[in-house]
Amino acid sequence: MKFKESVKASLLDPSVLFRPEAVYNGKPIEAFRSYEFDENDAIQQRVIKTYYDLHTNQTYELVKAKMDEWLKFDHFKSTVKDALIKLNDFVDESDPDTDLPNIVHAFQTAEQIRRDHPDNDWFQLVGLIHDMGKVLVFYGEPQWWVVGDTYPMGCKWGPSIVCGDDSFKDNPDTYNPKYNTKYGIYKPNCGIEELTMSWGHDEYLYRVLKHNKARLPQEGLWMIRYHSFYPWHAGGDYSYFMKEGDEKIKEAVLKFNQYDLYTKSAEVPDIEALWPYYEKLIDKYIPGELEW
């Protein structure tokens, strides 16, 4: 596979990091989110294939159809804990930074937030559940419908999207004049929340939480909905869609994403010992059986 350019962690502004050192869990900043294709690196090959499948197959019309399918919330019922436990058997094929089950990343993220923000329990819970929408893969969805960075559908692809223009060369929307201009189907400064995002675990979980009347504050819901929208909050694309107040969304996402990114390591938390603490937070903010 060929690329016009590789997308690296230099897209991130170091000023937003949650600790000042240049190394996180023994890994330098620039080593995170590296998408250099290496034919000898099985993880990199897996990551790139996932993004090519995503960028080839997700079109605006198919995303709208997928939303219509899943946002009836009539597929299954599950508690938050049971949904999280499924992530014991899930490894994100779009993630170049870890090949551990996603449940490990969930607790790594939550525990670092807990250390830095011991009095902010809803923020800790957001860290735990932010990837919970990936349960979609256990109900028939391929990973390219579920994982990876997100971006708006219905307008020109942002230049900082992972893998670049080459990965969209077989996507019909690339050649559709309705969708391939700067603003596409939208208007300037329409607001980030007016954009139809590529389908995946972010949007799905956000909608599940809204449907089930989760008691999380709006800031936490923004963190969940846009934490994978790297072309915007890290790459600088799509700012022309922002309206007054959208900076608050970006601030919330950046506050969270420093924990999402830099907590990934080989160190596995004692998950069984941590469950009682987080079960109390689940009961406080997202109790009972949810409709999915």
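Residues numbered from 1 in each chain as written. Predicted model: local features only at pLDDT ≥ 70, side-chain atom pairs only at ≥ 80, totals over all residues. Heavy atoms only, no water.

### With respect to helix α10 (residues 271–285)
Part 1 of the argument: Counted at 1.5 Å a residue, the expected span for α10 with its 15 residues is 21 Å, and the 20 Å between its end C-alpha atoms agrees.
Part 2 of the argument: The largest bend in α10 amounts to roughly 35 degrees and is located at Y277.
Part 3 of the argument: Those residues of α10 not exposed but buried are I271, L274, W275, Y278, L281, I282 and Y285.
Part 4 of the argument: Those residues of α10 hidden inside the fold are in contact with α3 (80–86), α4 (102–116) and α5 (121–129). (Helix = DSSP H or I, 4+ residues; strand = E, 2+ residues; numbered from the N terminus. Expected span 1.5 Å × (residues − 1). Bend = angle between axes of the 7 residues up to and from the residue. Buried < 20%, exposed > 50% of the residue type's maximum accessible area, 1.4 Å probe, protein only. Contact = heavy atoms within 4.5 Å.)

### Some remarks on the packing of α4 against α10
Axes are the key here: two packed helices are described by the angle between their axes and the distance separating the axes.
Part 1 of the argument: Interaxial distance between α4 and α10 falls to 12 Å at its minimum, and their mutual angle equals 60 degrees. The orientation of α4 with respect to α10, classified from their angle, is oblique. In this structure, the crossing between α4 and α10 has a hand that is left-handed. Within the contact between the two elements, α4 uses I103, V104, F107, A110, E111 and R114 and α10 uses I271, L274, W275, Y277 and Y278.
Part 2 of the argument: Here the contact of α4 with α10 is built from residues that sort into nine nonpolar, no polar and two charged. (Axes fitted to C-alpha atoms, helices over the stretch in contact; angles between N-to-C directions. Parallel < 35°, antiparallel > 145°, perpendicular 65-115°, else oblique. Left-handed = near helix turned anticlockwise from the far one by under 90°. Nonpolar A, V, L, I, M, F, W, Y, C, P; charged D, E, K, R; others polar.)

### What about the UniProt feature "binding site: substrate" (unreviewed entry) in the protein?
Part 1 of the argument: Mapped onto the present numbering, the UniProt feature "binding site: substrate" (unreviewed entry) falls on R33, D92, E93, S94, K134, G148, D149, H227 and S228.
Part 2 of the argument: Tracing the chain through its elements places K134 in the loop between α5 and α6 (201–211).
Part 3 of the argument: Taking relative accessible area as the criterion, K134 reaches 3% and is therefore assigned buried.
Part 4 of the argument: By the element assignment, H227 lies in the loop between α7 (218–226) and α8 (230–233).
Part 5 of the argument: Engagement of the side chain of H227 in a polar contact is seen with the side chain of D202, the distance being 3.2 Å. (UniProt positions renumbered as here; feature names shortened; annotations may be inferred. Polar contact = N/O pair within 3.5 Å; in protein donor to acceptor, adjacent residues only side chain to side chain.)

### Quick word on the pattern of salt bridges
Between side chains of opposite charge, a pair can form as their charged atoms come close.
Part 1 of the argument: In this structure the tally under the stated criterion is 11 salt bridges.
Part 2 of the argument: For K72, the salt bridge identified is with D68, shortest N-O distance 3.3 Å.
Part 3 of the argument: Ionic pairing is found between E203 and R225, a salt bridge with its closest N-O pair at 2.9 Å. Taken as a pair, E203 in helix α6 and R225 in helix α7 lie far apart in primary sequence, 22 residues in all. Of the two residues examined, E203 and R225, each falls in the buried class. (Salt bridge = Lys/Arg side-chain N within 4 Å of Asp/Glu carboxyl O.)

### Digging into the UniProt feature "binding site: Fe cation" (unreviewed entry) in the protein
Part 1 of the argument: Feature annotation in UniProt assigns "binding site: Fe cation" (unreviewed entry) to the following positions: H105, H130, D131, H201, H227 and D260.
Part 2 of the argument: By the secondary structure assignment, D131 is in the loop between α5 and α6.
Part 3 of the argument: Ignoring anything within four residues of it in the chain, the contact list for D131 reads L87, N102, H105, H201 and H227.
Part 4 of the argument: Filtering out sequence-adjacent residues up to four positions away, H227 remains in contact with H130, D131, H201, D202, W222, H233, V253, F256, N257 and D260.
Part 5 of the argument: One polar contact links H227 to D131, side chain to side chain, over a distance of 3.2 Å.

### Quick look at unusual backbone geometry
Part 1 of the argument: Even without glycine at this site, F73 takes up a positive phi of about 55 degrees.
Part 2 of the argument: In this fold, F73 is placed in the loop between α2 (60–70) and β3 (77–79).
Part 3 of the argument: On the basis of relative accessible area, F73 is assigned to the buried category, the value being 12%.
Part 4 of the argument: Phi is positive for N189, close to 55 degrees, though the residue is something other than glycine.
Part 5 of the argument: Turning to its location among the elements, N189 is positioned in the loop between α5 and α6.
Part 6 of the argument: We classify N189 as partly exposed; its relative accessible area is 46%.

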